[in-house]
Amino acid sequence: MAGYLAGRVFQAILALWFIATLVFALSRAAGDPAELFTANLAAPEAEEMMRERLGLDQPLYRQYVIYMGQLLQGDLGTSARSNVTVAQILRERMPATFSLALSAIAIAIIFSIPLGVLSAIYRDSPIDWIAKVVAFLGQSMPSFWLGLMLILLFAVILGWVSPAGKGGISSYLLPGFTLGWAAMAGIVRLMRSSMLDVLDSDYVTMARAKGLPEIMVMSKHALRNALIPVITYASLIFGAFMNGSVVIESVFAWPGIGRVALNSVLGRDFPVVQGVVIVFGAFFIIINLIVDILYAVIDPRIKYSR
Amino acid sequence: MDRASGKADSTLLRVEGLKTYFFQRSGVLKAVDGVSFTVKAGEVVGLVGESGSGKSMTCLSLMRLVPRPAARIVEGEVWFDDRNLLELDESEMREYRGRRMAMIMQDPQTSLNPVFMIGDQVAEPVKLHLKERGRQAIERVLETLYAVRIPSPETRLKQYPHQFSGGMRQRVVAAMGLSTSPELLIADEPTTSLDVTIQAQFLSLIRELQREHRTSVIWVTHDLGIVAQMCDRVNVMYAGRIVESSAVRRIYKDPQHPYTQALLDSVPVIGNRRPRLYQIDGQPPDLRSIPSGCPFWPRCPSAMDICKEQYPPQTATGGDDFVHCWLAEQ
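All figures in this text were calculated on a predicted structure; none of them were measured in a lab. (Residues numbered from 1 in each chain as written. Chains lettered and ligands numbered in written order. Predicted model: local features only at pLDDT ≥ 70, side-chain atom pairs only at ≥ 80, totals over all residues.)

Peer 1: In this structure, what is going on with the overall build of chain B? I would like to understand it.
Peer 2: Looking only at helices and strands, one finds 12 helices and 12 strands in chain B. Against the globule reference of 20 Å for 330 residues, chain B gives a C-alpha radius of gyration of 20 Å, in line with a compact fold. By principal-axis analysis of the C-alpha atoms, chain B measures approximately 65 × 50 × 45 Å. Across the 330 residues in chain B, those meeting the buried criterion constitute 43%. Contacts in chain B between residues far apart in sequence, at least 24 positions, make up 65% of those at least 6 positions apart. (Helix = DSSP H or I, 4+ residues; strand = E, 2+ residues; numbered from the N terminus. Rg over C-alpha atoms; globule rule 2.2 N^0.38 Å. Buried ≥ 20, exposed ≤ 12 C-beta atoms within 10 Å, placed from the backbone. Contact = placed C-beta atoms within 7 Å.)

Laid out in structure tokens, this is it:
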């Protein structure tokens, strides 16, 4: 187990280094920000000063060494547009995105796993039907529309929750549900098919042949095996949620990272883009690492066959 | 019968007119179509036939574990001791499963749950039915693993199925069934996926344990060699019915049904230099449209006109033996 973990952590660090390098290369290839920012001023001196401030007057390899050195110290640089550090922007915006992602995935899991399991057990029954409709709607409704409709119903007409902005726990309900429903669709379907596979297996028949009550057969023998693929899928979705959603954040005026990312790409604010992408990458890698560890806990076959 | 004691003659299981059908869009598939047989205490009864003749579905029907909702037991009686299992409610039925009757399935690779330690899996019926807990349950599991000759059971207890070889896994499955000393063991082709030497070891192990505990066994196989080694009595199945039932010693000498004869002819014999192994012509019938009369007639070398019209009645052929064939009727 320790060897497996060490190997995984090493791979994670390698992946992170690769992402940092790729981000560096791509942001340099995207064009000269100094030229863009100073285009209207038309003074070559101003352009020169800008380059100097951003360190773009240095040769590329020097830039890379400085960049990596700063990165190792946790310094993600300063925005090219304002004088705010990238770290500060992330500190301000990430908690909102993180807490929304968490509530969305929690809502998705709470509804979709029981629904998927029950629709597999009671195939072709009303509950299976409900699960199909939930999944179908989740996949076909665009989230901006669903978000607006939910606001209309629950905030405007019923007045139960505030229409937008981040406040108390109740402010998470609408954006969390909007984001979560789309994820629910996939999880319900995957959970159902995975459960059906497992229910067909010999070890489930054997568990019944031992005389175990049906609830034990399902909760112990079937569910644990059926969850394995679902865990991967759900955590990948969680990773995607962590990167923020421009649409949801716009509809609900949510102070998350998604809009920052979009604006800094449009404004060629490359220190911010770099910082955001690296942090996104880091999240994905950490989530994958956690999934790998979870796997080893759930499925004993993994520990030994690395 | 080899068994001498008086109790050997008491009937443990009596199956009467069992019918299990699959209800599909394309029609009704009669997997088990009126099967009747008995198993005496301490007796090993073979169930022989080609793939798709209804052997496995008969076994699952006895445990009431046919795949639902696709299949359903539509008719029949399964008397275990003095109770008709088909009339019990689910919770009463669970008292039989794993306690009085156990099952071994064909493929040891898939019949153990990959995510639980084998000690845990073998202990389940012990905890459930014998109400043993903690150290007592572990002792029972160790005893059973020892009985099926799993080396160093103390360490093996904490291992997972993927750490066992095929033969060892099948022993674990057997241990799982035998841990509660059931009266009936249903073995559904348990050696088919094992290689020949492992198969021989497993067969003699089960035979030995069976003799020791006087367990009744239903042994499903398509291998008449295994029948000779394992069984006291053999029931030959064709298209969901038992076409011949006979004491084992007799069936090799004097098969009554042309299908049994054909099965025997297709067993390779050492020293017998035939140019080519005998092969039964044609295919087993589609169970969705079984031919009228005797289902074997299209493949039968001695088919008569009446065979095509009417299913042959049961003809006693001495002792408990019987056959369903118009040839025997005449």
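Peer 1: Hey, could you run me through the sheet that holds strand β6 (residues 101-104) of chain B in this one?
Peer 2: Strand pairing in a sheet relies on backbone hydrogen bonds, with the paired strands running either antiparallel or parallel. Residues and elements named next belong to chain B. Read from one edge of the open sheet, 8 strands run β6-β7-β8-β3-β9-β10-β12-β11, paired in mixed fashion. In the strand order of this sheet, the two ends are held by β6 and β11 (314-316), each with one partner. Averaged over neighbouring strand pairs, the angle between their axes works out to 20 degrees when direction is ignored. Both strand β10 (residues 241-247) and strand β12 (residues 322-324) contribute to a ladder of 2 bridges, which runs antiparallel. Considered in β12, the bridge of E244 is made with V323. (Pairing = 2+ DSSP bridges. Axes fitted to C-alpha atoms, helices over the stretch in contact; angles between N-to-C directions.)

Peer 1: What should I look at first to understand the interface of chain A and chain B in this one?
Peer 2: Often, the extent of an interface is quoted as the loss of accessible area upon association of its parts. The interface of chain A with chain B comprises 18 residues on the first partner and 24 residues on the second. Among the secondary structure elements, those contributing two or more residues to the side of chain A that touches chain B are α9 (202-209), α10 (214-242) and α14 (300-304) of chain A. The element that contributes the greatest number of residues to the side of chain A that touches chain B is α9(A), accounting for 6 residues. Partitioning the side of chain A that touches chain B into residue classes produces 7 nonpolar, 5 polar and 6 charged. (Nonpolar A, V, L, I, M, F, W, Y, C, P; charged D, E, K, R; others polar.)

Peer 1: Would you explain the nonpolar core in this entry?
Peer 2: It is characteristic of soluble globular proteins that their nonpolar side chains tend to be buried jointly. Of all hydrophobic cores here, the largest spans 136 residues; its most connected members are B:I186, B:I218 and B:W219. Sort the elements by how many residues they give to this core and helix α8 (residues 173-199) of chain A lands first, with 13 residues. Filtering out sequence-adjacent residues up to four positions away, B:W219 remains in contact with B:V44, B:V45, B:G46, B:L47, B:A187, B:M230 and B:C231. Counting 15 residues, the second largest nonpolar core, distinct from the first, contains A:V23, A:L76, A:F270 and A:V273. (Core = buried A, V, L, I, M, F, W, Y, C linked by C-beta atoms within 7 Å.)

Peer 1: Explain the packing of helix α5 (residues 86-121) of chain A against α10(A) here, please?
Peer 2: Helices that pack against each other are described as a pair by the angle of their axes relative to one another and the distance between those axes. Residues and elements named next belong to chain A. It is the contact of α5 with α10, at a shortest axis distance of 10 Å, that shows an interaxial angle of 150 degrees. Classified by the angle between their axes, α5 and α10 sit roughly antiparallel to one another. By crossing handedness, the relation of α5 to α10 is classed as right-handed. Each of T97, F98, A101, A104, I105, I109, V117 and I121 in α5 lies in contact with α10, whose residues at this interface are M218, L223, A234, I237, F238, F241 and M242. (Parallel < 35°, antiparallel > 145°, perpendicular 65-115°, else oblique. Left-handed = near helix turned anticlockwise from the far one by under 90°.)

Peer 1: How should I be thinking about the confidence of the model for chain A in this particular structure?
Peer 2: One rule of thumb: low pLDDT means the predicted coordinates there are not for detailed reading. Scored by pLDDT, chain A comes out at a mean of 85, with 94% of its residues at no less than 70. Mean pLDDT across the elements of chain A bottoms out in helix α2 (residues 33-37) of chain A (65) and peaks in α9(A) (94). (pLDDT = per-residue confidence, 0-100.)

Peer 1: Looking at this structure, I do not really get the pairing of strand β3 (residues 44-48) of chain B. What am I missing?
Peer 2: The side chains of a regular strand alternate between the sheet's two faces. Residues and elements named next belong to chain B. β3 sits mainly inside the fold: 5 of its 5 residues count as buried. Of the two faces of β3, the one holding V44, G46 and V48 and the one holding V45 and L47 are both buried throughout. Relative to strand β8 (residues 216-221), β3 runs parallel, the two being bridged by 5 bridges. When the bridges of β8 are listed, V48 appears paired with T221.

Peer 1: I'm lost on the environment of B:E132 in this one. Help?
Peer 2: All names here are of chain B. Position of E132 relative to the elements: it lies in the loop between α3 (118-129) and α4 (134-147). E132 gets classed as partly exposed once you count the C-beta atoms within 10 Å, which come to 18. Residues in contact with E132, not counting those within four places in the same chain, are V126, K127, A137 and R140.

Peer 1: What exactly am I supposed to notice about the packing of α5(A) against helix α12 (residues 257-266) of chain A here?
Peer 2: Residue and element names in this part refer to chain A. The interhelical angle for the contact between α5 and α12, taken along N-to-C directions, is 135 degrees, at an axis separation of 8 Å. As far as their axial angle goes, α12 and α5 are oblique. Taking contact as the criterion, the partners of I89, R93, M94 and T97 in α5 are, on α12, I257, G258 and V260. In terms of residue class, the contact of α5 with α12 is built from 4 nonpolar, 2 polar and 1 charged.

Peer 1: I keep staring at helix α6 (residues 166-178) of chain B and nothing clicks. Help me out?
Peer 2: Each α-helix winds once per 3.6 residues, and so residues spaced three or four apart point in a common direction. Residue and element names in this part refer to chain B. Taking 1.5 Å per residue as the helical rise, α6 with its 13 residues ought to reach 18 Å, and the 18 Å between its terminal C-alpha atoms agrees with that figure. Counting buried positions over the 13 residues of α6 gives 11, a clear majority of the element. The complete set of buried residues in α6 reads M168, R169, Q170, R171, V172, V173, A174, A175, M176, G177 and L178. Lining the buried residues of α6 we find β6, α3, α4, β7 (184-188) and α7 (196-213). (Expected span 1.5 Å × (residues − 1).)

Peer 1: Is there a simple way to think about the sheet that holds strand β2 (residues 27-40) of chain B in this case?
Peer 2: Residues and elements named next belong to chain B. If you trace the 4 strands from one edge of the open sheet to the other, you get β2-β1-β4-β5, paired in antiparallel fashion. For this open sheet the edge positions go to β2 and β5 (83-84), each flanked by a neighbour on one side alone. Packed on one face of the sheet, helix α1 (residues 55-62) meets β1 (11-24), β2 and β4 (71-80) and runs near 70 degrees to β2.

Peer 1: Got a minute to help me understand helix α7 (residues 143-157) of chain A in this structure?
Peer 2: Residues and elements named next belong to chain A. When the terminal C-alpha atoms of α7 are compared, their 20 Å separation across 15 residues agrees well with the 21 Å that a helix rising 1.5 Å per residue should span. The sharpest bend along α7 comes to roughly 25 degrees, located at I151. Looking at α7, one finds that the buried residues are L146, G147, L150 and I151. Where the residues of α7 are buried, they touch α8 and α11 (246-251). Positive phi appears at G159, one or two residues downstream of α7, with a value of about 65 degrees. (Bend = angle between axes of the 7 residues up to and from the residue.)

Peer 1: Honestly, the pairing of β6(B) in this entry has me stumped. Any pointers?
Peer 2: Residue and element names in this part refer to chain B. Alternating residues of β6 divide into M101 and M103 and A102 and I104, and every residue in both groups is buried. One ladder, built from 4 bridges, connects β6 with β7; its direction is parallel. Paired with M103 across the strands is I186, a residue of β7.

Peer 1: I'm lost on unusual backbone geometry in this one. Help?
Peer 2: Negative phi values dominate among residues other than glycine, just as trans dominates among peptide bonds. The amide bond that connects B:R68 to the next residue, B:P69, takes the cis arrangement and shows omega of 5 degrees. Structurally, B:P69 can be placed in the loop between α1 and β4. Even without glycine at this site, A:A253 takes up a positive phi of about 45 degrees. Note on placement: A:A253 falls in the loop between α11 and α12. A count of 12 C-beta atoms within 10 Å places A:A253 in the exposed class. In this structure, B:S152 takes a positive phi of about 35 degrees despite not being glycine. Looking at where B:S152 falls in the secondary structure, it is placed in the loop between α4 and α5 (153-156).

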